[in-house]
Amino acid sequence: MATDLDLFTDDLTATDGDDTRAHASNGAQTLPGSLLLALNVTDRDTIAELYHRPEGELRDEYALQALRIGVLALRQARGQVDGEVIQRESQRMLANLEHQLQSHAAQMQQQLAGSLKEYFDPQSGRFHERVERLIKQDGELEQVLRRQIGGTDSELCKTLLNHVGSGSPLLKLLTPDESQGLLGALRAMVDQQLSQQRERVLKEFSLDNKEGALARLVSEIIAGNGQLTCDLQTKIDLIAREFSFDNEASAIKRFDKLLADTRHAVNANLTLDDDASALSRLKKEVLGILESHHRLNRDFQEEVKVTLATMVARREESERSTRHGVAFEEAVCEFLHRRAQHKGDIFASTGMETGQIKNCKIGDFLIELGADCSAAGAKVVVEAKEKADYTFADARKEIEKARENRDAQIGLFIFSQRTAPPGLDPFSRVGNDVFVTWNAEDSTTDLYLTAGLEMARALCVRAGRQSEAQAADFTAIDAAILEIEKRSNSLEEITKWSETIRNNSDKILDHIRKARNSLERQIEILQERLHDLRQSVQARIS
């Protein structure tokens with residue numbers, strides 16, 4: 001069995017038919033270690049056998065074994081040579097070839113050693129014998145050197161004697177006593193040149209020679225000195241006249257007059273004694289502007305005081321009565337109605353109507369998602385509350401009852417920021433209910449209410465999935481919801497910092513900006529995902 005498995009591993013990496021015979025004739029070829037096959041099984045017997053095995057690794061191993069057995073059977077049917085036999089014969093041929101190569105190498109080594117020993121053996125080698133005969137005493141090399149440069153009768157000695165000997169022409173030229181020799185000629189030529197140069201230099205530096213260099217230099221110095229003295233005196237006199245106060249046209253006199261005129265003009269324009277001066281006119285204009293600003297500031301302060309007093313009185317009156325809760329609900333109604341129109345949803349104020357529960361009017365507003373939404377017809381009930389001592393637990397009970405009363409899938413509870421429970425996060429979610437805090441007079445809190453509405457829409461879409469065919473990837477929606485909750489809590493904490501730490505206002509405002517940008521970005525992601533989901537569902541329906 002182990003032999004068959006090995007053969008199967010070799011067969012699985014080989015190609016079929018003519019390619020196998022071509023590989024056998026052309027030599028080994030590198031094949032991949034694995035081969036991916038995607039097969040559609042239609043044979044009922046094969047399907048029955050595979051179906052009895054559990055899906056996964058066991059079924060894949062069984063299919064591979066069946067494929068191996070089939071491949072082996074097909075190869076045996078074509079009469080192919082067993083791979084093991086070919087491998088064994090190849091190993092035997094390689095062993096014989098290796099033995100013959102080793103024998104030939106040993107024979108060649110012996111022949112080479114004999115030939116080298118015949119020529120280079122220290123005792124009897126031909127090379128050693130020839131070198132010994134060449135360099136020994138009175139040998140061939142010594143005889144040749146002695147004949148060429150050895151004694152007085154050698155060829156070298158004879159040649160040197162002919163060229164530099166006592167009677168040679170070179171020695172005659174170098175003899176000091178010989179007047180016609182080289183040294184005599186050089187001595188006479190040097191004496192002649194020195195004498196001529198001495199006479200020429202003395203002639204140039206003699207004042208008797210008017211054309212000499214020294215005489216010309218003295219003449220030029222005398223002429224230049226006289227002209228320089230005359231020009232220098234002229235320039236000194238001109239400069240003295242320009243800096244003399246006695247000369248009315250001098251530069252210093254004109255400069256003094258200009259300074260006096262400038263001083264007089266500055267004094268005339270920078271004095272308060274003269275009403276026509278520039279400083280007096282500037283003072284009058286500044287005083288007029290300050291008086292006007294003071295009057296406008298006083299009128300503005302009076303107007304602000306009256307307006308603030310009116311607003312404070314109106315707020316105190318609203319807080320003393322039950323009207324402040326109604327005003328909050330009206331502001332929420334206006335905001336939700338505007339957002340519903342923008343989204344194409346159906347908005348209704350249901351606070352004065354009874355719902356599914358008998359004589360129950362819980363549920364201030366109801367939003368029904370429009371036809372463009374993938375969860376068209378889903379309902380979101382909204383409860384707005386501006387009431388002191390109203391806890392989060394009370395809000396959960398009320399919004400749950402509101403969902404039941406208005407037959408809504410999702411609930412949105414809006415706390416007034418003025419009366420919200422202490423420590424309550426501005427944005428949170430519990431199951432299918434979303435809780436936010438909002439201040440109608442603070443536009444920065446509109447982001448919480450907008451995020452709450454978008455989360456309620458997303459929860460409606462997720463709750464409205466009816467079959468696996470309409471299922472979508474809600475990973476991005478869930479991540480956006482979590483990011484909105486996280487950034488909302490961070491924004492509330494940063495807002496508290498801004499109220500207590502004035503020295504770090506730049507840092508706090510930067511954190512608020514980042515948190516607001518992140519919230520807006522997550523809301524946009526949520527809207528895009530809902531839009532993609534809506535299009536996907538509409539495409540499947542059509």
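As shown above, the structure is provided for reference.
Residues numbered from 1 in each chain as written. Predicted model: local features only at pLDDT ≥ 70, side-chain atom pairs only at ≥ 80, totals over all residues. Heavy atoms only, no water.

1. Digging into the overall build of the protein
- Along the backbone of the protein there are 18 helices and 6 strands.
- For the protein, with 542 residues in total, the buried portion stands at 22%.
- Contacts in the protein between residues far apart in sequence, at least 24 positions, make up 51% of those at least 6 positions apart. (Helix = DSSP H or I, 4+ residues; strand = E, 2+ residues; numbered from the N terminus. Buried < 20%, exposed > 50% of the residue type's maximum accessible area, 1.4 Å probe, protein only. Contact = heavy atoms within 4.5 Å.)

2. Side note on the packing of aromatic side chains
- The full count for this structure, using the stated rule, is 7 aromatic pairs.
- Between Phe413 and Phe415 the ring centres are 4.7 Å apart and the planes differ by 55°, which places this aromatic pair in the tilted class.
- A connected cluster of aromatic rings, assembled from ring pairs, spans Tyr390, Phe392, Phe413, Phe415 and Phe435.
- When the ring centre of Tyr62 is taken as origin, the NZ or CZ atom of Arg53, which lies over that ring, is 3.9 Å away. (Phe/Tyr/Trp six-rings, centres within 6.5 Å; stacked < 30°, edge-to-face > 60°. Lys NZ or Arg CZ within 6 Å of the ring centre and 35° of its normal.)

3. A closer look at the environment of Phe365
- The residue Phe365 is located in strand β2 (residues 365–368) in this model.
- The exposure class assigned to Phe365 is buried, which follows from its relative accessible area of 4%.
- It is 8.5 Å that separates the C-alpha atoms of Phe365 and Ala384, two residues lying 19 residues apart in sequence.
- Those residues in contact with Phe365 that sit more than four places away from it in its chain are Glu329, Val332, Cys333, Leu336, Phe347, Ala348, Ser349, Thr350, Val380, Val381, Val382 and Ala384.

4. Some points on the nonpolar core
- Grouped together as the largest cluster of nonpolar side chains are 38 residues, with contacts concentrated most on Val332, Leu336, Leu412, Ile414 and Trp438.
- Within the residue set of this core, elements represented by two or more residues are α14 (323–343), β2, β3 (379–385), β4 (410–416), β6 (433–438), α16 (446–463) and α18 (505–541).
- Here this core takes 10 residues from α16, the largest share from any one element.
- Sequence-distant contacts of Leu336, that is, excluding residues within four places in its chain, are made with Phe347, Phe365, Val382 and Leu453. (Core = buried A, V, L, I, M, F, W, Y, C linked by side-chain atoms within 4.5 Å.)

5. Description of the side chain of Thr350
- Summarising the element assignment, Thr350 is placed in the loop between β1 (346–349) and β2.
- The class for Thr350 is buried, based on a relative accessible area of 6%.
- At 2.7 Å, the side chain of Thr350 forms a polar contact with the backbone oxygen of Gly363.
- Discounting residues that sit within four places of it in the chain, Thr350 has contacts with Lys361, Gly363, Asp364, Phe365, Leu366 and Arg406. (Polar contact = N/O pair within 3.5 Å; in protein donor to acceptor, adjacent residues only side chain to side chain.)

6. Looking at unusual backbone geometry
- Positive phi outside glycine occurs at Asn359, with the angle close to 60°.
- Mapped onto the secondary structure, Asn359 falls in the loop between β1 and β2.
- Looking at Asn359, the relative accessible area reads 68%, which means it is exposed.
- The backbone of Asp407 shows a phi angle near 55°, a positive value even though the residue is not glycine.
- Structurally, Asp407 is set in the loop between α15 (392–406) and β4.
- With relative accessibility at 45%, the residue Asp407 sits in the partly exposed group.

7. Let's talk about the pattern of salt bridges
- A complete count under the given rule lists 9 salt bridges for this structure.
- With its nearest N and O atoms 3.9 Å apart, the salt bridge here joins Glu383 to Lys385. Assigned by exposure class, Glu383 and Lys385 land together as buried.
- Lys385 is the salt-bridge partner of Glu398, the closest N and O atoms lying 3.4 Å from each other. Of the two residues, Glu398 is situated in helix α15 and Lys385 in strand β3; the sequence distance between them amounts to 13 residues. Assigned by exposure class, Glu398 and Lys385 land together as buried. (Salt bridge = Lys/Arg side-chain N within 4 Å of Asp/Glu carboxyl O.)

8. Looking at the sheet that holds β4
- If you walk across this open sheet you meet the 6 strands as β1-β2-β3-β4-β6-β5, and the pairing is mixed. Taken across any chain shown, the strands that pair with only one partner, and hence form the sheet edges, are β1 and β5 (427–430). Direction aside, the axes of adjacent strands within the sheet are offset by 20° on average.
- Across 4 bridges, β2 lies against β3 in antiparallel orientation. Along β3, the bridge assignment pairs Leu366 with Val381.
- Across the sheet, α15 is in contact with β2, β3, β4, β5 and β6; its angle to β4 comes to roughly 140°.
- On top of the sheet, α16 reaches β2, β3, β4, β5 and β6; it is set at about 170° to β6, its chief contact. (Pairing = 2+ DSSP bridges. Axes fitted to C-alpha atoms, helices over the stretch in contact; angles between N-to-C directions.)

9. A few points about the state of the cysteines
- Evaluated as defined, the whole model comprises 0 disulfides.
- Free cysteine: Cys373, not disulfide-bonded; nearest cysteine sulfur from Cys460 at 7.6 Å.
- Judged by relative accessible area, which is 8%, Cys373 ranks as buried. (Disulfide = S-S within 2.5 Å.)

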